[in-house]
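Overview (structure and organization)
If you want the building blocks of each chain, they are given just below.
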Amino acid sequence: MGGVLSLCCTQDLFKDAPDVWYASQSALEADYAFGAALGEGMFAKVRVVTRRRDGAAFAAKVFKKRAELSDGNELSRAPRADALLREIDVLRRVAAPGSACVRLAGVVETPGELLLLTELCGGGDLMHHVEGQRKFTAGDAAAYFSDACAAIARCHAVSVAHRDVKPENMLVAFDGRRRARVRLSDFGSACVFAPGDRYAADAGSPFWSSPEAWALDYDHRGDVYSVGVVLLVLVDGMLGGDEVRALHGAGLAGLVDYRARFYRDRPPGLSAAPGPLRDLLEGLLAPEAARLSAAAALGSPTSRASPGRGDPGPPRRRPSGAATRRPGADGDGAISMDGTYSGLVGIFADDGGDRRRVLHGLAAFEDRAGDADRAT
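Counting starts from 1 at the beginning of each chain's written sequence and moves along it residue by residue. Only residues with pLDDT of 70 or above have their local features reported here, since the model is predicted, and side-chain atom pairs are shown and tallied only from 80 upward, although totals for entire chains, interfaces and linings are computed over all residues. To get the side-chain values, take all heavy atoms of the structure and skip hydrogens and water.

This brings us to the overall build of the chain. Assigned secondary structure in the chain consists of 10 helices and 12 strands. In the chain, which comprises 376 residues, the proportion classed as buried is 49%. In this description, contact between two residues means that some pair of their heavy atoms is separated by no more than 4.5 Å. Across the chain, every contact between residues at least 6 apart in sequence was considered, and the portion connecting residues at least 24 apart equals 64%. Accessible area of the chain: about 17400 Å², with a carbon and sulfur share of 51%. The helix and strand labels rest on DSSP assignments: H or I over at least four residues marks a helix, E over at least two residues marks a strand, and numbering proceeds from the N terminus. Here the term buried applies to any residue with accessible area under 20% of the maximum for its type, exposed to any over 50%, and partly exposed to those in between, with areas from a 1.4 Å probe on protein chains only. Every accessible area reported is derived by Shrake-Rupley at a probe size of 1.4 Å, with residue values counting cover from the shown protein chains alone.

Here is the structure:
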């Protein structure tokens, strides 16, 4: 190869896998058409790519294999080779028929880039919908929690810890009946664990992370805590930084007590939640030693609840700032025609209105959390 850095496709690391090496970028573009940008992270950009021979569309996570300096004098860093190979290995470990983890379709490599081709999920990420409507009906929350929890159970069954579970890493896809389903994505922080392994790495996002992860002494059960926070946000809206700290300090009971003492004008919320939902949240958000497993959480009455999701048709882009309400004739949790969730009634407010105070957003909390004492 004359000194060309090859990570995967020419080293026969993943036998019987659909990996392809291209000698140049132009050779790659002869087979794939590059489309819209979907997102950008520290080491990769995500774009839509279409395979020319059959029109199949994928989300391509594009990594530069060398650091580059842009015309704007910005340095684009390259990930470590072992980190890239670990992410590929993890994606192949979690693959299974019907898996709620995003599917890896193949790896494409050139001398300068490595592309992970994954299924294209047309509904965007779950955080977009959380920001758009604050909280969900019981049916919606149960359905999307069940998908996310099933993905984590699959990861743990094959000894994979995701370590960055949050709505931004949950993509909304549509099945053959045009029902919205959640796919767990972005396995860049994931790793393979053995029984007894613990982590001291600062991985994940503070808002969604467990108290043990804040203390830099945690294991794969941190994923379960994070999906518990996701469920809490789905049914009761975003939390403020003070509320997250109350949750860390004394679990769900601590959060309920904190709100009762400091926000007495707030609707009943969690204190009036159905017993099975409270039990599930307490089990997910318990200290690590007493925390439910993802597999056990899937057996709870809440996660087994029928979502009643309707047939929305193809999603359309919603104008920025526009509200979407289409009460579903097929029951709570129908998806609107533009791909957003229309189950806006909620399970806590009698009239469906959101009269609560405005809570801190994710970005504001993470700015504050960066200054927090991570050892507490």
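Here F193 is to be found in the loop between β12 (191-192) and α5 (211-214). With 37 residues separating them along the chain, F193 and H156 place their C-alpha atoms 8.8 Å apart. What F193 contacts, discounting residues up to four positions off in sequence, is H156, S159, V160, A161, Y199 and H220.

Moving on to helix α8 (residues 275-284). Residues L277, R278, L280, L281, G283 and L284 constitute the buried set of α8. Turning to α8, the residues buried within the fold contact α4 (138-157), α6 (222-236), α7 (241-262) and α9 (294-298).

As a further point, take unusual backbone geometry. Within the chain, R163 stands out as a residue other than glycine whose phi angle is a positive 70°. Following the sequence through the fold, R163 ends up in the loop between β9 (160-161) and β10 (170-174). Classification of R163 as buried rests on a relative accessible area of 18%. With a phi close to 60°, L216 is a non-glycine residue in the positive phi region. By the element assignment, L216 lies in the loop between α5 and α6.

Generally speaking, a soluble globular protein has its nonpolar side chains buried in company with each other. Counting residues in hydrophobic clusters, the biggest one holds 68 residues, and the most contacted among them are M170, F187, L231 and L232. What F187 contacts, discounting residues up to four positions off in sequence, is E87, V90, L91, V94, C101, V102, C155 and H162. Here the nonpolar core consists of buried residues drawn from Ala, Val, Leu, Ile, Met, Phe, Trp, Tyr and Cys, with membership extended through side-chain atoms lying within 4.5 Å. Membership of the second largest hydrophobic core comes to 10 residues, among which are L28, Y32, V108 and L117.

Take the UniProt feature "binding site: ATP" (unreviewed entry) in the chain next. When the UniProt feature table is mapped onto this chain numbering, "binding site: ATP" (unreviewed entry) sits at K61. The residue K61 is located in strand β4 (residues 57-64) in this model. Classification of K61 by relative accessible area gives buried; the value is 17%. With sequence-adjacent residues up to four places away left out, K61 is seen in contact with A44, K45, V46, E87, L114, L115, L116, D186 and G188. For K61, the side chain forms a polar contact with the side chain of E87, separated by 2.8 Å. UniProt positions are given in the numbering used here, feature names are shortened, and annotations may be inferred rather than shown by experiment. We define a polar contact as two N or O atoms separated by no more than 3.5 Å, with the added condition that, inside protein, one atom must be a possible hydrogen donor and the other a possible acceptor, whereas residues neighbouring each other in sequence contribute only through side-chain atom pairs.

The rule for pairing is simple: two strands pair if DSSP sees at least two bridges between them. As paired strands, strand β2 (residues 32-40) and strand β3 (residues 44-51) are joined by 6 bridges and run antiparallel to one another. Pairing of E40 across the sheet is with K45, part of β3. Where β2 hands over to β3, the hairpin turn is made up of 3 residues, counted between the paired strands. Two strands pair when backbone bridges link them, and β3 and β4 are joined in this way by 7 bridges, in the antiparallel orientation. By the bridge assignment for β4, V46 is matched with K61. Counting the residues that bridge the hairpin from β3 to β4 gives 5 residues, and of these G55 lies at a positive phi of roughly 75°.

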